[in-house]
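Secondary and tertiary structure notes
Here is what each chain is made of, one letter per residue.
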Amino acid sequence: MIVLGADVGGTSTRVVLFKDDSERGRAEAPGSPMRSGEGGRLAAAVVDLARPLLLRGKTVRADALVVGASGAGREVERDELLAALQKQRLAWRVVVTTDAELARAAAFEGGPGVLLIAGTGSIAVARDANGASRRVGGLGWRMGDQGSAYWIAMRALEAVGAMHDGLGTVTHLAEALCTAARVPGMAGLIQWSATATPSEVAALGPAVLACAASGDPVAGGVRDAAVNALVELAVAAGAGRLPVAMSGGLLAPDRPLRDRVAAALEQAHGATIVRRAIDPCRGAPFLAKEAIER
């Protein structure tokens, strides 16, 4: 069976061609999340990457195309993208899901498990042995994203503000955040924070974690609170009953919170942790087979 898998993220889009579960080609380009009215544009971007892979594989249409897209959590966006992709005739069958679900399928080879993702935002997605799905988090920077880089940076900014007003503990976070934001001192940081976008705020997260690693107790408290928040997301999604995999800028292999979150899940909840790195596109053959067998 020939399967195309596409991971459409906020920063990059990756397309992989599989033949009988073996990877036969891969292409990548800048990406953007799915938004209402953007289905045609995203479908065209997938086509631009996929068509040359099909031609090199000496075929014009795959058996299945599985697309996991950031921003496709709602049915209306999924349906729009599905319709746009079907018009392109890249495959006999087209499946559209979220980028998180595509990664979850890759992590557990289509089987049950919880995938915990933490980067700019955070979410836990799960499927149990009966095929029932659950999603916890991923509500965005105003309503959720607990333990994410944005969440960490916001608490660090609040701590620095409290220190400035004499209401909080002295912390080296002030210098760390000013350096990361490239502003001259507290006045500059205050001005910067008033207009910073969520992604710009989230970009301060690594500086907070580096400050925590250097021994700053306030930064360490923010880091520990983030670990607890991420553990709560995973447990709410089924960690302990189900194995857990992790990905994203804070939780991928060698990333700053991975070992702490894994240890907390193992010690406090008896969770089994999947240690390997996750390539989301590798979830496509499993989801394709599932769709065909329905």
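See the structure shown above.
Summary of the structure given here.

Parameters at a glance
Residues numbered from 1 in each chain as written. Predicted model: local features only at pLDDT ≥ 70, side-chain atom pairs only at ≥ 80, totals over all residues. Heavy atoms only, no water. Helix = DSSP H or I, 4+ residues; strand = E, 2+ residues; numbered from the N terminus. Rg over C-alpha atoms; globule rule 2.2 N^0.38 Å. Buried < 20%, exposed > 50% of the residue type's maximum accessible area, 1.4 Å probe, protein only. Contact = heavy atoms within 4.5 Å. Areas by Shrake-Rupley, 256 points an atom, 1.4 Å probe, with all protein chains shown as cover. Lys, Arg positive; Asp, Glu negative; His and termini not counted. Charge placed at Lys NZ, Arg CZ, Asp CG, Glu CD. Phe/Tyr/Trp six-rings, centres within 6.5 Å; stacked < 30°, edge-to-face > 60°. 1 Å grid on protein atoms, 1.4 Å probe; cavity = no way out; pocket = protein on both sides within 12 Å on 5 of 7 lines; lining within 4 Å. Points joined across faces, edges and corners; volume = space filled by probe spheres on them. Pairing = 2+ DSSP bridges. Axes fitted to C-alpha atoms, helices over the stretch in contact; angles between N-to-C directions. Salt bridge = Lys/Arg side-chain N within 4 Å of Asp/Glu carboxyl O. Expected span 1.5 Å × (residues − 1). Arc of directions from axis to C-beta.

Concerning the overall build of the chain
Across its full length, the chain holds 11 helices and 9 strands. Relative to a compact globule of 294 residues, whose C-alpha radius of gyration would be 19 Å, the chain shows 21 Å and is just as compact. Taken over the C-alpha atoms alone, the chain extends approximately 65 × 40 × 30 Å along its principal axes. Within the chain, the proportion of its 294 residues that are buried is 50%. Sequence separation of at least 24 residues holds for 65% of the intrachain contacts in the chain that already meet a minimum separation of 6. Put simply, the chain shows about 13900 Å² of open surface, and 51% of that area lies on carbon and sulfur atoms. Distance between charge centroids for the chain: 6 Å, based on 32 positive and 30 negative side chains.

Comments concerning the packing of aromatic side chains
Counted under the stated rule, the structure contains 1 aromatic pair. Centre to centre, the rings of Trp141 and Tyr150 are 5.6 Å apart; their planes meet at 65°, and the pair counts as edge-to-face. Looking at Trp141, the relative accessible area reads 36%, which means it is partly exposed. The class for Tyr150 is buried, based on a relative accessible area of 12%.

Observations regarding the layout of surface pockets
Considering only enclosed or pocket space, the second largest pocket measures out at about 220 Å³ in volume. Around the second largest pocket sit 15 residues that line it, and Met154, Leu157, Leu189, Ile190 and Ser193 are the ones nearest its centre. Put simply, the parts of the chain that give the lining of the second largest pocket at least two residues each are α4 (149-164), α6 (185-195) and α7 (198-202). Considering each element in turn, the lining of the second largest pocket owes the most residues, 6 residues, to α4.

Some remarks on the pairing of strand β9 (residues 244-247)
Along β9, one buried face is formed by Val244 and Met246 and the opposite face, lined by Ala245 and Ser247, is buried too. Of the strand pairs in this sheet, strand β6 (residues 113-118) and β9 are connected by 4 bridges, and their pairing is parallel. Bridge pairing links Ile117 to Ser247 in β9.

Digging into the sheet that holds strand β2 (residues 12-19)
One open sheet holds the 5 strands; their spatial order is β3-β2-β1-β4-β5, and the pairing between them is mixed. On the outer flanks of this sheet lie β3 (22-30) and β5 (91-98), each paired with one strand and no other. Strand after strand, the sheet turns through a mean of 15° between neighbouring axes, direction not considered. The sheet contact formed by strand β1 (residues 2-8) and strand β4 (residues 62-69) spans 6 bridges and is parallel. In the sheet register, Val8 faces β4, and the bridge partner there is Ala69. Strands in contact with helix α1 (residues 39-56) are β1, β2, β3 and β4; relative to β2, the strand with the most contacts, it is inclined by about 40°.

Some details on the pattern of salt bridges
Once the charged atoms of two side chains with opposite charge are near each other, the side chains can pair. Across all of its chains, the model carries 13 salt bridges by this definition. Between Arg127 and Glu290 there is a salt bridge, and its shortest N-O distance comes to 2.6 Å. Highlighted residues: Arg127 in strand β7 (residues 122-127) and Glu290 in helix α11 (residues 284-293), separated in sequence by 163 residues. Judged by relative accessible area, Glu290 falls into the partly exposed class, the value being 24%. Shared partners join several salt bridges into a network, and the residues in it are Glu23, Arg26, Asp279 and Arg282.

Digging into the environment of Val96
Following the sequence through the fold, Val96 ends up in strand β5. Here the alpha-carbon distance between Val96 and Leu82, two residues 14 residues apart in the chain, equals 6.0 Å.

Notes on helix α2 (residues 75-88)
The terminal C-alpha atoms of α2 lie 20 Å apart, and with 14 residues this matches the ideal 20 Å at 1.5 Å per residue to within 8%. All buried positions along α2 are accounted for by Glu77, Leu81, Ala84 and Leu85. Down the axis, α2 shows its buried residues gathered within 95° of arc, on one side only. The outward face of α2, more than 90 degrees from its buried face, is lined by the exposed residues Glu75 and Lys87. Looking at the packing, one finds that the buried side of α2 touches α1, β4 and β5. With its phi angle positive at about 55°, Arg89 sits one or two positions after the end of α2.

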